[in-house]
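Residues per chain, in single letters:
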Amino acid sequence: MKLKSTITTLIPFFGGTLFGVGLLISGMNNPAKVRGFLDILGAWQPALIAVMASAVLIFGLAFQFSKRRKTPWFGDMFHLPSLSDISFRLLAGAVLFGIGWGLIGLCPGPALVDLASLHWPAIGFVVAMITGNRLAHYLVGPAR
């Protein structure tokens, strides 16, 4: 049982490390590159389509594979989303996320990776992100 516990602890660490390295290699942590991707009417840089498409493809394959299993390899149960409806809250959050992503060129994953750089813009973004998350939690309430 100890080996399973150790592996269960290490898998998220290695998964997160792999994700972070992928973000760095692909340039998803570079706000200028991301803003260039989002600038479809200007100097558009479509290179990040390959990053996003490959991520969606790999996730889709892994998700289909996992649906054939009763339990995950290193866990007791799968944690599937419990919310399935498209609500005003979901749409408002998506719009706010998109505006923030477009203005700054970072989303939460790359911003957390950029914390290692100790650059103030990345630190400020993460502090603002956590503040916004907590404000939404207390003013709107947790997701149901």
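Anything mentioned here points back to the structure above.
In this report, the structure presented in the accompanying data block is examined. In this text, all values refer to a predicted model and were calculated from it rather than measured experimentally.

About the thresholds
- Residues numbered from 1 in each chain as written.
- Predicted model: local features only at pLDDT ≥ 70, side-chain atom pairs only at ≥ 80, totals over all residues.
- Heavy atoms only, no water.
- Phe/Tyr/Trp six-rings, centres within 6.5 Å; stacked < 30°, edge-to-face > 60°.
- Helix = DSSP H or I, 4+ residues; strand = E, 2+ residues; numbered from the N terminus.
- Buried < 20%, exposed > 50% of the residue type's maximum accessible area, 1.4 Å probe, protein only.
- Axes fitted to C-alpha atoms, helices over the stretch in contact; angles between N-to-C directions.
- Contact = heavy atoms within 4.5 Å.
- Nonpolar A, V, L, I, M, F, W, Y, C, P; charged D, E, K, R; others polar.
- Parallel < 35°, antiparallel > 145°, perpendicular 65-115°, else oblique.
- Patch = residues over 30% accessible without salt bridge, like charges linked within 9 Å, V, L, I, M, F, W, Y side chains within 5 Å.
- Areas by Shrake-Rupley, 256 points an atom, 1.4 Å probe, with all protein chains shown as cover.
- Salt bridge = Lys/Arg side-chain N within 4 Å of Asp/Glu carboxyl O.
- 1 Å grid on protein atoms, 1.4 Å probe; cavity = no way out; pocket = protein on both sides within 12 Å on 5 of 7 lines; lining within 4 Å.
- Points joined across faces, edges and corners; volume = space filled by probe spheres on them.
- Expected span 1.5 Å × (residues − 1).
- Arc of directions from axis to C-beta.

**A word on the packing of aromatic side chains**
- As enumerated under the stated definition, the model contains four aromatic pairs in all.
- Between Phe59 and Phe63, the ring centres sit 5.7 Å apart and the planes meet at 20 degrees, which makes this aromatic pair stacked. With Phe59 and Phe63 both in helix H3 (residues 48–67) and four residues apart, this pair spans about one turn of that helix.
- The class for Phe59 is exposed, based on a relative accessible area of 54%.

**A look at the packing of helix H2 (residues 31–38) against helix H4 (residues 88–104)**
- Contact geometry for H2 and H4: axes closest at 8 Å, N-to-C directions at 120 degrees. Contact residues: H2 offers Pro31, Val34, Arg35, Phe37 and Leu38, while H4 offers Trp101, Gly102, Leu103 and Ile104.
- In terms of residue class, the contact of H2 with H4 is built from seven nonpolar, one polar and one charged.

**Let's talk about the environment of Leu106**
- Among the structural elements, Leu106 can be located in the loop between H4 and helix H5 (108–114).
- In contact with Leu106, other than residues within four places in its own chain, are Asn29, Pro31, Gly100, Trp101, Ala111, Asp114 and Phe125.

**Considering the packing of H2 against H3**
- Between H2 and H3, whose axes approach to 10 Å, the crossing angle comes to 90 degrees. With respect to their mutual orientation, H2 and H3 come out roughly perpendicular. Facing H2, whose interface residues are Lys33, Val34 and Phe37, H3 presents Leu48, Ile49 and Met52.
- In the contact of H2 with H3, the residues fall into five nonpolar, no polar and one charged.

**Comments concerning a nonpolar patch on the surface**
- Residues Val95, Leu96, Ile99, Leu103 and Ile104 make up a contiguous nonpolar surface patch of roughly 500 Å² in combined accessible area.
- Inspection of the secondary structure puts Val95 in helix H4.

**Examining the layout of surface pockets**
- Roughly 1,200 Å³ of volume is contained in the largest pocket.
- Listed by contribution, the elements that provide at least two residues to the lining of the largest pocket are helix H1 (2–26), H3, H4 and H5.
- Broken down by element, the lining of the largest pocket gets its largest block of residues, eleven residues, from H3.
- By residue class, the composition of the lining of the largest pocket is 23 nonpolar, eight polar and one charged.
- Of the volumes computed, that of the second largest pocket is approximately 1,000 Å³.
- Every element with two or more residues in the lining of the second largest pocket is listed here: H4 and helix H6 (120–139).

**Examining H6**
- Compared with the 28 Å implied by 1.5 Å per residue over 20 residues, the 28 Å span of H6 between its first and last C-alpha is a close match.
- Within H6 the residues assigned to the buried category are Ala122, Phe125 and Val126. Along the axis of H6, the buried residues cluster in a sector spanning 95 degrees; they form a single face. Summarising the geometry of H6, the exposed residues directed more than 90 degrees from the buried face are Trp120, Pro121, Tyr138 and Leu139.
- Contact partners of the buried residues in H6: H4 and H5.
- The first or second residue beyond H6 is Gly141, which carries a positive phi of 105 degrees.

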